[in-house]
Amino acid sequence: MLWSFLDDLSGQVTNSEARKVSAWFLVLKYVDEQKEKFGLPHSCTISYILRSQGHVNEALIQAFQTIEEHIELLQGVFAPLDVLMRINGNTLLKFLWSLESVDVADLDWSLVMERLQWVGEEHETPSTINNLAIELLNLDNGSLYNGCLGIGSSFVAAADYARRQGIHLELFGQEMNREAWAFAKINLFLHGIHNAHIELGDSLLDPKFLAGNEIMKFDYVYMNVPFGMNINRHELLQYDPFNRFVYAPVSKSSSDSAFIQHALASLNENGRAVLIVTNGVLFRATEQIMRKNLLSADLIEAVIALPENLFGYTAIQTNVLIVNKNKPQERKQKVLFINAVNEYGEVRRKRLLTEENIEKIRDVYLNGAEIEKFSKFVEIADIEDGNLLCSKYLEDHEVETYEFGVVKISSKHLENLSNQKTLGEISKIYRGINVSPSQLEEGKGEFKLIKLSDVENGEVLVDEMTPANIRIQKSLDAYVVKEGDILISSRGTNIKIAIVPPHKGTLILSQNFHGIRLHKEMDPYFVKAYLESPVGQYLLARIQTGTSIKNINTKDLQEIPIPVPSIEEQKAIGEKYRHTYDRYQQALQKVEEDKKQSLLELYKQIGIYESMEIKRQ
């Protein structure tokens, strides 16, 4: 019936307008069955509107205006009403006749509203994430606030939880997008949530819930923080009249830290917030000051890494950040990390959190359970540079290598190695230069730029590199590599390592590499052997950050530990490494040659050898 109406509206109004009007009609049917409860006049009933016949469009407009006047939650949602004047009256009458026989008690409102959504996916949080967030809040009687309400599905989940638990929950939400705000109010109303406080506006620039001249305080906050949204009128937040941004300055380029601090400012002295954030919020330099200050204030209770691809419109991995202004004594000065990246199911090729996934994550958080490779308490003093990525603290201590397969690493044994130093202590580490295609003139010139494709099988293919001119204003001296420098790729899952060989001309390091220039008491082949070992690969993989593209930053690379024996021992190990590598290459070449000869003999037997002329090998 509903889907048939949408088809009938095709060509008369846009697709989004058709969905919107359909939702309005469902509200009309809903209040028609409960007109006494809402104190509505007879003119708001379907039977009355059907009798209007030739004036059905005008009668509907009048009915919706009256509904807005009588029901506070629905004020402002039926707009623009003139869309009804563009729809054929017979189409409207046909749908009204079919609505008369519908019992709203039989409708699955969640399914209906999912089909009728007329706003973008970015305003919707997947239902299973909402369910997890509400379970993690462990709600009791009190107030819940969401400053990024979207289409209101988070409050539907919260109200359902409150009904099941027999608690009273007062809901306060603000949404800046008008269409999402209107959808949210209708969504809540049709789910039987009639007393929620829903405001339209930007909660950063124009927060609506105030207590005098201060931000109103709530028992609970749940927000799916908008991913990387720029801040308009940034200057207004620099002098915030509500003094919300005390943990760090607000960035122009990203609103994440502003929303997190707004959430904190909205909590009462015993309040707890669940925030959905991206990986970048947990390790990016932009939010580092805020993270460090939140840790110093002991406000962060837990970080939960969620699976990728839970959102329909992006594959980005998200996390649950839980802040608590009244952490239990046993959790003070600690953060609970939970690695739930593999906790998901699939329905019609879409990832979601199953009931079992939600229950497992909830129980581990609420009970503070520590499970190997899944959950762990980390002392705040041990959290480096405010980095809150779960992967940094929940290592599986295994690495997959080409030579040995999966290798388990003993961290305790590594910590006890004698004569340990860091890479930063035994070398100077430098980054490559970022050169755009317009700045690079290949084919002639005095330079050769080392790109990822120029390093294969642990060697820099200098002779195969193309000379180039680099047209750039700054000096290139800091990016010139020298013989014996070790190169480590800074981007990509597969980490490339090579030693710069003797060469002629000037080699320039590209942005895809880190350069390591060892001090005199270090042998480059010893260091390369160590970095290529399962231990070295494990240590390098551990400092990689990012989801779709893995990155290694210079600061983390400097902290890689390395045993440093005497220079004589290093040279002996380095020489043995080179000998092993040379023998391996020679064996490969012999196998390749034997393979060619065997194939040629085979071709002679087939009788095709004489028809072939091999020009180059």
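Scroll up for the structure.
What you see is a predicted model, and the numbers here were worked out from it, not measured in a lab.

Before going further, it helps to spend a moment on the environment of Pro241. With respect to the helices and strands, the residue Pro241 is situated in the loop between helix H11 (234-238) and helix H12 (256-265). The class of Pro241 is exposed, set by a relative accessible area of 63%.

On to the packing of aromatic side chains, then. According to the stated counting rule, one finds 18 aromatic pairs in the structure shown. In this arrangement the basic side chain of Arg331 is found over the ring face of Tyr365, its NZ or CZ atom lying 5.3 Å from the centre. Of note, Lys604 hangs over the ring of Tyr609, and the distance from its end group to the ring centre comes to 4.9 Å.

In this structure, the second largest pocket encloses a volume near 1,500 Å³. Breaking the lining of the second largest pocket down by element, the ones donating at least two residues are helix H7 (109-116), helix H8 (127-137), helix H9 (153-165), helix H10 (178-190), strand S12 (350-352) and helix H15 (355-367). By residue class, the composition of the lining of the second largest pocket is 16 nonpolar, 13 polar and 13 charged.

Residues Phe25, Leu60, Phe64, Ile67, Leu84, Leu144 and Phe189 are the most contacted members of the largest nonpolar core, which totals 101 residues. Every residue in contact with Phe25, bar those within four places of it in the chain, is listed here: Leu60, Phe64, Leu84, Leu92, Phe95, Leu96 and Leu99. In terms of nonpolar packing, the next biggest core, distinct from the first, is built from 44 residues, Leu204, Val250, Ile260 and Leu389 among them.

Looking now at a nonpolar patch on the surface. A cluster of nonpolar side chains, Leu599, Leu602, Ile606, Ile608, Met612 and Ile614, forms an exposed patch at the surface whose accessible area comes to about 480 Å². Along the chain, the position of Met612 falls in the segment after helix H22 (567-606). Given a relative accessible area of 36%, Met612 falls into the partly exposed group.

The residue Ile495 is located in the loop between strand S22 (486-489) and strand S23 (497-499) in this model. Owing to a relative accessible area of 16%, Ile495 belongs among the buried residues under this scheme. Taking the C-alpha atoms as reference points, Ile495 and Tyr479, separated by 16 residues in sequence, lie 20 Å from one another. When near neighbours in sequence (up to four residues on either side) are disregarded, Ile495 contacts Ile488, Ser489, Leu540, Ala541, Gln544 and Ile552.

What counts and how
- Residues numbered from 1 in each chain as written.
- Predicted model: local features only at pLDDT ≥ 70, side-chain atom pairs only at ≥ 80, totals over all residues.
- Heavy atoms only, no water.
- Helix = DSSP H or I, 4+ residues; strand = E, 2+ residues; numbered from the N terminus.
- Buried < 20%, exposed > 50% of the residue type's maximum accessible area, 1.4 Å probe, protein only.
- Phe/Tyr/Trp six-rings, centres within 6.5 Å; stacked < 30°, edge-to-face > 60°.
- Lys NZ or Arg CZ within 6 Å of the ring centre and 35° of its normal.
- 1 Å grid on protein atoms, 1.4 Å probe; cavity = no way out; pocket = protein on both sides within 12 Å on 5 of 7 lines; lining within 4 Å.
- Points joined across faces, edges and corners; volume = space filled by probe spheres on them.
- Nonpolar A, V, L, I, M, F, W, Y, C, P; charged D, E, K, R; others polar.
- Core = buried A, V, L, I, M, F, W, Y, C linked by side-chain atoms within 4.5 Å.
- Contact = heavy atoms within 4.5 Å.
- Patch = residues over 30% accessible without salt bridge, like charges linked within 9 Å, V, L, I, M, F, W, Y side chains within 5 Å.
- Areas by Shrake-Rupley, 256 points an atom, 1.4 Å probe, with all protein chains shown as cover.
- Salt bridge = Lys/Arg side-chain N within 4 Å of Asp/Glu carboxyl O.

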